[in-house]
Amino acid sequence: FPMKKAVLFSLWGVVVTPHVAQTFQKFEETTGISRGFIKNVIAKLGSENALYLLEKGKMIPEFEAECQKIAADQGLSLPAQFSAQKLFSDIGQVEFNKPFLDAAAVLRRHGISTCVLANIWVDDTDQRDGVARILSVLESHFNLVVRSCYAGVRIPEPDIFTSALEKLALKPQEAVWLDVDEESIKAAEGLGMTAVQVKDITEALKEINKLTEIEPPSCDPENVSHGYVNIKPGVRIHYVDLGDGPPVLLCHGFPESWFSWRYQIPALANAGFRVLALDMKGYGDSTFCLSAPQGIPQVILVGHDWGGALVWNMAQFHPERVRAVASLNTPLFPVDPKTNPKEKLKAIPIFDYQIYFQNPGVAEAELEKNLERTFKLMFIASNETKSFPSTAGVCQRGGLFVGSPEDPPRSAILSESALQYYIQQFTKSGFRGPLNWYRNGERNWHWMCSRPRGKIMMPALMVTAGKDPVLLPAFAKGMENLVPNLTRGHIEKCGHWTQMERANFLHFRSVLPSNLPILSQIACIALMTKYIQS
């Protein structure tokens, strides 16, 4: 498909609920009219029935007269409380589908036009405030509202689509149409538009996202609050702070920064949480170990990669400071006092890169030589033809990137601006601090073996990724033995960089928390602890 420049929404059943047909049915039930009578009135005269003519500019009294006539022809007596004005007043009492209003706002921010096509009438009744409310909301949320009563054509007539496209100065191939009705879907497709039949809001939103190729809302480093925790003179932790509510502390992995949570930060903040995303030890503007910002006694911890390892250990060794814990990709690796961690690494071929990282200066030289190449080679989506550099056999071939292209293409999950931000951060801090996380394993092991440790009893979430080449889902098997209150999530079509690769699922925040594979489960744990505490 060519890139889409506009999304057109049907009013009834998409932007607002209920659909007109449902209102007809409820009206018949409450007034005692035989079920399906109004539908029969419409069908009786086909395209010349009074409702369709009403939607093309005729007035409401004509519809009531037609109902009376057809009822008489069928030997029916309409109840005294029957009133076309009351029917159309009921139709105007709708609820807006907020996910679609939010979607329209996101689309407009990204330069994609939005339009509503509305089969609607000129309302001069005493109850016309309902239609006025609908139009007011539409005009404030969409670039264009096409009303059938003024256009002289109605959905699903092709001319109403043509009229809208002309006003938007677009070709049919550049537009997407959303509706619940199959007839209009076929009409739009007949013109060359891409049409999405709305059966499920979440799935429809995913389709919009895919067709428009919009990058989800993210955190701008220049327009977010930055803070520091001073550990001792000259030593501090840098973090980003957004939102109000129960605190959620996000811990990134290698080789990343707080910026790796750029899509999740605004979504969680909008969901009602205070989000704190750290630069971990040795990264960016941080120079020392993890510490929650001052004045926060307890946090919800969420980690990925090395951040995942850290949050599990925090939950196990400092449970009093952790309300709930969640990890993306990284399982809890139980401490084994009998086996040195280096021996475990040597026994698992895909961890050979960690052996390569042990000698100070060697990996630094390779990774810092060309930062643009480094991040282009590492940040790769699981569905791309190019593959992540093999983490096995690294010592034998003499480096992680040996044999990889000198000028690799940039992945779809890494925008040019994001690439430049990572380059800026690692130009400043280098790779020594990040690589030291791998070099401190034996010291950490001795420390953990010396500490009392029990089961992690707090609410916990483990999200595995089916295409992660290093942190395999199989590694998370049996975690319930140590984490009894564990909730599991699995994303089959996802690689190692979960926050970036699956960010599109976090695009429309209004569907939180029930329909998103990553953030929803994190938010559910957060919400769970929020209500437990209250």
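Here the structure is a predicted model, which is why all the values come from computation and not from measurement. (Residues numbered from 1 in each chain as written. Predicted model: local features only at pLDDT ≥ 70, side-chain atom pairs only at ≥ 80, totals over all residues. Heavy atoms only, no water.)

Draft legend 1. Quick look at the overall build of the chain. A count of helical and extended segments in the chain gives 23 helices and 15 strands. In the chain, which comprises 534 residues, the share counted as buried stands at 53%. Of the contacts formed within the chain by residues at least 6 apart in sequence, a portion of 75% connects residues at least 24 apart. (Helix = DSSP H or I, 4+ residues; strand = E, 2+ residues; numbered from the N terminus. Buried < 20%, exposed > 50% of the residue type's maximum accessible area, 1.4 Å probe, protein only. Contact = heavy atoms within 4.5 Å.)

Draft legend 2. Summary view of the environment of Thr-162. Mapping Thr-162 onto the fold places it in helix H9 (residues 158–168). Each C-alpha atom, one on Thr-162 and one on Leu-191, is 8.4 Å from the other, the two residues being 29 residues apart in sequence.

Draft legend 3. Quick peek at helix H13 (residues 306–317). For H13, which comprises 12 residues, the first-to-last C-alpha distance of 16 Å matches the rise-based estimate of 16 Å (1.5 Å per residue) to within 8%. Taken residue by residue, H13 has Gly-307, Gly-308, Leu-310, Val-311, Trp-312, Ala-315, Gln-316 and Phe-317 as its buried positions. (Expected span 1.5 Å × (residues − 1).)

Draft legend 4. Focus on empty space enclosed by the protein. Under the defined criterion, the tally for this structure stands at 2 cavities of 30 Å³ or more. Put simply, the largest cavity is a space of about 130 Å³. Around the largest cavity sit 14 residues that line it, and Tyr-353, Met-378, Phe-388, Val-470 and His-496 are the ones nearest its centre. Looking at the lining of the largest cavity, its residues break down into 10 nonpolar, 2 polar and 2 charged. (1 Å grid on protein atoms, 1.4 Å probe; cavity = no way out; pocket = protein on both sides within 12 Å on 5 of 7 lines; lining within 4 Å. Points joined across faces, edges and corners; volume = space filled by probe spheres on them. Nonpolar A, V, L, I, M, F, W, Y, C, P; charged D, E, K, R; others polar.)

Draft legend 5. Just the side chain of Ser-184, in detail. Here Ser-184 shows up in helix H10 (residues 182–191). A polar atom in the side chain of Ser-184 sits 2.5 Å from the side chain of Asp-179. Apart from the residues lying within four places of it in its own chain, the contact partners of Ser-184 are Ile-155, Pro-156, Phe-161, Trp-177 and Asp-179. (Polar contact = N/O pair within 3.5 Å; in protein donor to acceptor, adjacent residues only side chain to side chain.)

Draft legend 6. Molecular detail of the sheet that holds strand S10 (residues 247–251). Judged by pairing direction, the sheet is mixed, and its 8 strands sit side by side in the order S8-S9-S11-S10-S12-S13-S14-S15 without closing on themselves. Here the strands that pair on one side only, and so sit at the sheet edges, are strand S8 (225–232) and strand S15 (486–491). Adjacent strand axes in the sheet meet at a mean angle of 20°, parallel and antiparallel pairs treated alike. For S8 and strand S9 (residues 235–242), the ladder comprises 7 bridges, and the chain directions are antiparallel. Looking at S9, one finds that His-226 is bridged to Val-240. (Pairing = 2+ DSSP bridges. Axes fitted to C-alpha atoms, helices over the stretch in contact; angles between N-to-C directions.)

Draft legend 7. Seen up close, the nonpolar core. Core analysis: the biggest nonpolar cluster contains 83 residues, and Trp-312 and Val-325 have the highest contact counts within it. When residues in this core are grouped by element, the largest group, 6 residues, is from helix H19 (residues 416–429). (Core = buried A, V, L, I, M, F, W, Y, C linked by side-chain atoms within 4.5 Å.)

Draft legend 8. How the structure looks around H9. When we look at burial in H9, the residues that qualify are Ile-160, Phe-161, Ser-163, Ala-164, Leu-165 and Leu-168. On its buried face, H9 is in contact with strand S1 (6–10), strand S4 (113–118), strand S5 (144–147), helix H8 (148–151), strand S6 (175–179) and H10. Note on H9: the residue one or two positions beyond its end, Ala-169, has a positive phi of about 55°.

Draft legend 9. Local environment of the sheet that holds S6. Across the sheet, 5 strands lie side by side as S5-S4-S1-S6-S7; this open sheet has parallel pairing. If you trace the sheet from one side to the other, it starts and ends with S5 and strand S7 (194–197), each paired once. The mean angle between the axes of side-by-side strands here comes to 20°, regardless of whether they run parallel or antiparallel. Two strands pair when backbone bridges link them, and S1 and S6 are joined in this way by 4 bridges, in the parallel orientation. In the strand pairing of S6, Phe-9 is matched with Leu-178. Against the sheet, helix H11 (residues 201–212) engages S1, S6 and S7, with an angle of about 165° to S7.

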